[in-house]
Amino acid sequence: MTAAVLNGDFDIDLVYRKRLRRQLHEYTKTAPPHVKAARKMPEGFAQRGDWIEYVITLHGPEPVSEQVSAIDYQHYVDKQLAPVADSIIHFKGTSFDQIINKQLGLFTRLE
């Protein structure tokens, strides 16, 4: 599964979708990822109440409609796959990292 994500097989499934609860200029103290993505959209395209669809790229969050950078696949592995996998496989006495490191070790030995 991890290899498929890293290969880009699930790019369409990596899109986050979040609603703007305020106008963009009202986000002053902190800017959540969907706000950062909305600020990269053309002027007037993101208003309060709009749904922002974005992906996490190597240069931060970017709206799907304006994406120019490569997707940060490691973000999705670390923040989406690993927590879910760890919640299940800890009953087997292992962890997501241990499984991934074993697989990567096999891969590097084959090269």
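About the criteria used
Residue positions are counted from 1 within each chain, in the order its sequence is given. Selection of residues for local features in this predicted model requires a pLDDT of at least 70, selection of side-chain atom pairs for listing and counting requires 80 or more, and totals for whole chains, interfaces and linings are taken over all residues. Water and hydrogen atoms play no part in the side-chain values, which are based on all heavy atoms of the structure. What counts as a helix is a DSSP run of H or I of at least four residues, what counts as a strand is a run of E of at least two, and both are numbered from the N terminus. Using a 1.4 Å probe on the protein chains alone, a residue whose accessible area is under 20% of its type maximum counts as buried, one over 50% counts as exposed, and one in between counts as partly exposed. Contacts are assigned to residue pairs that have any heavy atoms within 4.5 Å of one another. Surface accessibility in these figures is a Shrake-Rupley result with a 1.4 Å probe; residues are shielded only by whichever protein chains are displayed. In this text, buried Ala, Val, Leu, Ile, Met, Phe, Trp, Tyr and Cys residues form a nonpolar core when linked through side-chain atoms within 4.5 Å. When DSSP locates at least two bridges between a pair of strands, those strands are taken to pair. Angles shown run from 0 to 180 degrees and are taken between the N-to-C directions of axes, each axis being a line fitted to C-alpha atoms and, for helices, limited to the stretch in contact. Known as pLDDT, the predictor's confidence for each residue is given on a scale from 0 to 100. Whether two aromatic rings pair depends on their centres lying within 6.5 Å, for rings of Phe, Tyr and Trp, where Trp uses its six-membered ring; planes under 30 degrees apart make the pair stacked, over 60 edge-to-face, and the rest tilted. A ring has a charge above it when a Lys NZ or an Arg CZ is no more than 6 Å from the ring centre and no more than 35 degrees off the ring normal.

S.K.: I'm lost on the overall build of the protein in this one. Help?
M.R.: The secondary structure content of the protein amounts to four helices and three strands. Mapped in sequence order, the helices and strands of the protein form the string α-β-α-β-β-α-α. Burial status across the protein gives 30% buried among its 111 residues. Considering only intrachain contacts with a sequence separation of at least 6, the fraction spanning at least 24 residues in the protein is 45%. In the form shown here, the protein has an accessible surface area of approximately 7,900 Å², with 55% of it arising from carbon and sulfur atoms.

S.K.: I keep staring at the nonpolar core and nothing clicks. Help me out?
M.R.: Side chains of a nonpolar character, in soluble globular proteins, are inclined to be buried together. Leu20, Ala38, Ala46 and Ile52 are the most contacted members of the largest nonpolar core, which totals 22 residues. Those elements that place two or more of their residues in this core are helix H2 (33-38), strand S2 (51-57) and helix H3 (73-89). The element best represented in this core is H3, accounting for six residues. Setting aside residues up to four positions removed in sequence, Leu20 forms contacts with Tyr27, His34, Val35, Ala38, Ala46, Gln47, Arg48, Gly49, Asp50 and Ile52.

S.K.: Looking at this model, I keep getting lost on the sheet that holds S2. Mind explaining?
M.R.: Strand pairing within a sheet occurs via backbone hydrogen bonds; the two strands may be parallel or antiparallel. Judged by pairing direction, the sheet is antiparallel, and its three strands sit side by side in the order S1-S2-S3 without closing on themselves. Unpaired on one side and paired on the other, strand S1 (16-19) and strand S3 (60-63) mark the two borders of the sheet. Across this sheet, the average inter-strand angle for adjacent strands is 40 degrees, counted without regard to direction. One ladder, built from four bridges, connects S2 with S3; its direction is antiparallel. Across the sheet, Thr57 pairs through a bridge with Gly60, a residue of S3.

S.K.: Which parts of the structure should I look at to understand the confidence of the model for the protein?
M.R.: When pLDDT is averaged along the protein, the result is 85; 86% of the residues meet or exceed 70. Overall, residues 104-111 carries pLDDT values under 50, and its contacts beyond four positions in sequence, including any with other chains, amount to zero contacts.

S.K.: What should I look at first to understand the packing of aromatic side chains in this one?
M.R.: How two aromatic rings sit relative to each other is set out by the distance from centre to centre and by the angle between their planes. Applying the stated criterion across every chain yields a total of two aromatic pairs. Between Tyr16 and Tyr54, the ring centres sit 5.3 Å apart and the planes meet at 25 degrees, which makes this aromatic pair stacked. On the criterion of sequence distance, the pair formed by Tyr16 in strand S1 and Tyr54 in strand S2 is long-range, its members being 38 residues apart. Look at Tyr54 and you get buried, because its relative accessible area is 7%. Three or more aromatic residues joined by ring pairs form one cluster here, namely Tyr16, Tyr54 and Tyr76. The ring of Trp51 has Arg17 lying over it, and the distance from NZ or CZ to the ring centre is 4.4 Å. Above the ring of Tyr27, the side-chain terminus of Arg22 is found at 4.5 Å from the ring centroid.

S.K.: Help me understand the side chain of His75 in this model?
M.R.: Mapped onto the fold, His75 is located in helix H3. Ignoring anything within four residues of it in the chain, the contact list for His75 reads Tyr16, Ile56 and Gln80.

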